[in-house]
Amino acid sequence: MNIPQIRVLYLNWGSPLTSKVYKEVGMVMTEILPYVYKVQFADDEGAIIYVLINQQQEEEIKQLRSTLMYIDVWFEDEDQEKLRQERLTRWGKTVRGK
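Residues numbered from 1 in each chain as written. Predicted model: local features only at pLDDT ≥ 70, side-chain atom pairs only at ≥ 80, totals over all residues. Heavy atoms only, no water.

**Points about the overall build of the protein**
Of the regular secondary structure elements, the protein holds three helices and four strands. Each helix and strand of the protein, ordered N terminal to C terminal, gives the series β-α-β-β-α-β-α. A compact globule built from 98 residues should have a C-alpha radius of gyration of about 13 Å, and the protein, at 14 Å, falls within 12% of that. The dimensions of the protein, computed from C-alpha atoms along their principal axes, are 45 × 30 × 20 Å. Per-residue burial for the protein yields a buried fraction of 35% across its 98 residues. When contacts within the protein are restricted to residue pairs at least 6 apart in sequence, long-range pairs at least 24 apart make up 62% of them. (Helix = DSSP H or I, 4+ residues; strand = E, 2+ residues; numbered from the N terminus. Rg over C-alpha atoms; globule rule 2.2 N^0.38 Å. Buried < 20%, exposed > 50% of the residue type's maximum accessible area, 1.4 Å probe, protein only. Contact = heavy atoms within 4.5 Å.)

The structure is reproduced here in structure tokens:
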């Protein structure tokens, strides 16, 4: 059975806030808004959000994350630095045109 669980989701978009950053934040928020249980913290550089999701919804969020180039999104039990490096690699490939 795929019972929803409360998971902690971290978002970090840093500065400067550009239209590309806003677009990606909007994409993530559109995806997670139906599952938001509680917002622990939010400011102009990021947020800590509790989401009530099942395994399939978690995988969908992770899949969306693979398209992001300007913000970092990770769950509490994931390696933030590894995911950040993966994002920077994706960003670098688009800048180089590859």
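**Topic: the sheet that holds strand E3 (residues 46-53)**
With antiparallel pairing, four strands are arranged side by side in an open sheet as E2-E3-E1-E4. Looking at strand neighbours, the two that pair on one side only are strand E2 (36-42) and strand E4 (72-75), the edges of this open sheet. With strand direction ignored, the average angle separating the axes of adjacent strands in the sheet is 20°. Across five bridges, the pairing between E2 and E3 is antiparallel. (Pairing = 2+ DSSP bridges. Axes fitted to C-alpha atoms, helices over the stretch in contact; angles between N-to-C directions.)

**A short note on helix H2 (residues 55-65)**
Gln-57, Glu-58, Ile-61, Leu-64 and Arg-65 are the residues of H2 that are buried. Down the axis, H2 shows its buried residues gathered within 120° of arc, on one side only. On the buried face of H2, the contacting elements are strand E1 (5-12), helix H1 (19-32), E3, E4 and helix H3 (80-96). (Arc of directions from axis to C-beta.)

**Looking at the environment of Lys-20**
Within the secondary structure, Lys-20 is located in helix H1. In sequence terms Lys-20 and Arg-84 are 64 residues apart; their C-alpha atoms lie 17 Å from each other.

**Side note on the confidence of the model for the protein**
Across the protein, the average pLDDT comes to 93, with 98% of residues at or above 70. Averaged over each element, pLDDT in the protein is lowest for H3 (90) and highest for E1 (98). (pLDDT = per-residue confidence, 0-100.)

**Some words on the packing of aromatic side chains**
Enumeration over the complete set of coordinates arrives at one aromatic pair. Between the aromatic rings of Tyr-10 and Trp-74, the centroid separation amounts to 5.3 Å while the plane-to-plane angle is 10°, which identifies the pairing as stacked. Residue Tyr-10 is located in strand E1, and its partner Trp-74 is located in strand E4; the two are separated by 64 residues in the primary sequence. Residue class for Tyr-10 comes out partly exposed when judged on its relative accessible area of 25%. The exposure class of Trp-74 is buried, given its relative accessible area of 9%. (Phe/Tyr/Trp six-rings, centres within 6.5 Å; stacked < 30°, edge-to-face > 60°.)

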